[in-house]
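# Tertiary structure, described
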Amino acid sequence: MKKLEQLYEGKAKKVFATDDPEAYIVDYKDDATAFNGLKKGTIADKGIINNRVSNHMMRMLEQHGIPTHLIEELSERETLVKKVTIVPLEVIVRNIAAGSLSKRLGLPEGTKMKRTVLEYCYKDDELGDPMVNDFHILAMELATEEELATISSYALKINELMTDYLKDLGIELIDFKIEFGRTSDGTIILADEISPDTCRFWDSKTGEKLDKDRFRRDLGGVEDAYHEVMKRMMGE
């Protein structure tokens, strides 16, 4: 597979074209940002950990019927993925109140909610990724009703699968953000990443944070937390 020109560089990844028109190469960076890019830094080996953890989780989800963009892990930092057009929505699944939800609704962080909460944000950095609902999404034609039904169904199934998987590793899944894309034939598949950057992972016994909140909140031990997640998942 030949790596061609860079198509895109985001906060955490670069995307390259390949000699296959239906495949891209994603290169994970060590750059870290928070608060819509207002806080910037570097987390050593973050790109390696996020690449490998994300691929590990996507392989697990694929085994349970969730279609993903993953084709092949090429190296510690690079992965070959299916070409998709990203649906411009951040899909957020919440099991326990934390972060912005706690602030917005006045729920103490760590509050176990009566049911899983599914939220959508419109992906637009200039607007600060505002929260939207089904009506906004359909009115703005960000997705069709059928696509939205598929996305919500997949998101809740992913939550079930990940919660069960992580429980056995002594990790509680607090919440997570995922993104979906359309393949060239219009099929909706899971894209982007699943990692300590995009999920809140707490140690089941101690409640210790094993995710990007350590960077956001200057808690220290960021690299150790990321390594701990990879170690529990992959024994490394």
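Further up the page is the structure itself.
Nothing here was measured: the structure is a model prediction, and the numbers come from that model.

Criteria and thresholds
- Residue numbering note: each chain is counted from 1, following its sequence as written.
- In keeping with the predicted nature of the model, local features appear solely for residues at pLDDT of at least 70, side-chain atom pairs appear and are counted solely at 80 or more, and the whole-chain, interface and lining totals rest on all residues.
- Remark: hydrogens and water are excluded; side-chain values derive from all non-hydrogen atoms of the structure.
- Strands here are runs of E lasting at least two residues and helices are runs of H or I lasting at least four, both read from the DSSP assignment and numbered beginning at the N terminus.
- Values of the radius of gyration come from C-alpha atoms, whereas the globule rule sets the reference at 2.2 Å times the count of residues to the power 0.38.
- Between two residues, a contact is recorded if the distance between any of their heavy atoms is within 4.5 Å.
- Surface exposure here means Shrake-Rupley accessible area, sampled with a 1.4 Å probe, where a residue is shielded only by the protein chains that are shown.
- Under the counting rule used here, the positive set is Lys and Arg, the negative set is Asp and Glu, and His together with the chain ends is not counted.
- In plain terms, the charge of a residue is placed at NZ if it is Lys, CZ if Arg, CG if Asp and CD if Glu.
- Expected helix span is computed as 1.5 Å times (number of residues minus one).
- Relative accessibility thresholds used throughout: buried, under 20% of the residue-type maximum; exposed, over 50%; partly exposed, between the two (1.4 Å probe, protein chains only).
- Put simply, a salt bridge is a Lys or Arg side-chain nitrogen that is within 4 Å of an Asp or Glu carboxyl oxygen.
- Strands were regarded as paired on the criterion that DSSP finds at least two bridges between them.
- Simply put, an axis is a line fit to the C-alpha atoms, just over the touching stretch for a helix, and the angle between two N-to-C directions goes from 0 to 180 degrees.
- Pairing of aromatic rings covers Phe, Tyr and Trp, the last counted by its six-membered ring, and requires centre-to-centre distances within 6.5 Å; plane angles under 30 degrees mean stacked, over 60 mean edge-to-face, and any other angle means tilted.

### As for the overall build of the protein
Counting its secondary structure elements, the protein contains six helices and 14 strands. By the compact-globule yardstick of 18 Å for 236 residues, the protein fits well, its C-alpha radius of gyration being 17 Å. Partitioning the contacts of the protein with sequence separation of at least 6, the portion at a separation of at least 24 is 56%. Working note: accessible area of the protein is about 11,500 Å², and carbon and sulfur atoms make up 50% of it. Across the protein, the mean location of the 34 positive side-chain charges is 4 Å away from that of the 45 negative side-chain charges.

### Considerations on helix α1 (residues 46-63)
Taking 1.5 Å per residue as the helical rise, α1 with its 18 residues ought to reach 26 Å, and the 26 Å between its terminal C-alpha atoms agrees with that figure. Burial analysis of α1 places 15 of its 18 residues in the buried class, which makes it a mostly covered element. Within two residues after α1, Gly65 carries a phi angle of roughly 90°, on the positive side.

### Focus: the pattern of salt bridges
Pairs may arise between side chains of opposite charge once their charged atoms sit close together. Taken as a whole and assessed by the stated rule, the structure comprises 26 salt bridges. Close ionic contact of Lys3 with Glu78 constitutes a salt bridge, the shortest N to O distance being 2.4 Å. Of this pair, Lys3 sits in strand β1 (residues 3-9) while Glu78 is found in strand β7 (residues 78-82), placing the two residues 75 residues apart along the sequence. A relative accessible area of 36% places Lys3 in the partly exposed class. A relative accessible area of 17% places Glu78 in the buried class. Note that Arg200 is salt-bridged to Asp175, the shortest N-O span being 2.9 Å.

### A closer look at the sheet that holds strand β6 (residues 70-73)
The sheet built from five strands is open, its strands ordered β1-β2-β3-β7-β6 with antiparallel pairing. Across the chains shown, the open sheet's two edge strands, defined by having one partner strand only, are β1 and β6. Adjacent strand axes in the sheet meet at a mean angle of 30°, parallel and antiparallel pairs treated alike. Summarising the sheet, strand β3 (residues 23-28) and β7 pair through five bridges and their orientation is antiparallel. Each residue of the ladder has a partner; that of Ala23, found in β7, is Lys82. Those strands touched by α1 are β3, β6 and β7, and its axis lies near 135° from that of β6.

### Focus on the pairing of strand β14 (residues 199-203)
The element β14 is extensively covered by neighbouring structure, given that five of its five residues are classed as buried. Residue alternation in β14 divides its side chains into two sets, Cys199, Phe201 and Asp203 and Arg200 and Trp202, and both sets are buried. Bridge analysis of strand β12 (residues 171-182) against β14 gives five bridges, and the strand direction is antiparallel. Each bridged residue has a counterpart across the sheet, and for Phe176 the counterpart in β14 is Cys199.

### So, the packing of aromatic side chains
Given two aromatic rings, their pairing is described by the distance between the two centres and the angle made by the two planes. Under the criterion given, the structure shown has one aromatic pair. Plain terms: the ring middles of Tyr154 and Phe180 are 6.4 Å apart, the flat faces sit at 20° to each other, and that makes the pair stacked. Of this pair, Tyr154 sits in helix α4 (residues 145-167) while Phe180 sits in strand β12; the two residues are 26 residues apart in sequence, bridging distant segments of the chain. Relative accessible area serves as the criterion here: at 1%, Phe180 is assigned to the buried category.

### A look at the environment of Ala44
Examined against the element boundaries, Ala44 turns out to sit in the loop between β5 (39-42) and α1. In this structure the C-alpha to C-alpha distance between Ala44 and Tyr226, which are 182 residues apart in sequence, comes to 9.6 Å. Residues in contact with Ala44, not counting those within four places in the same chain, are Asp30 and Glu223.

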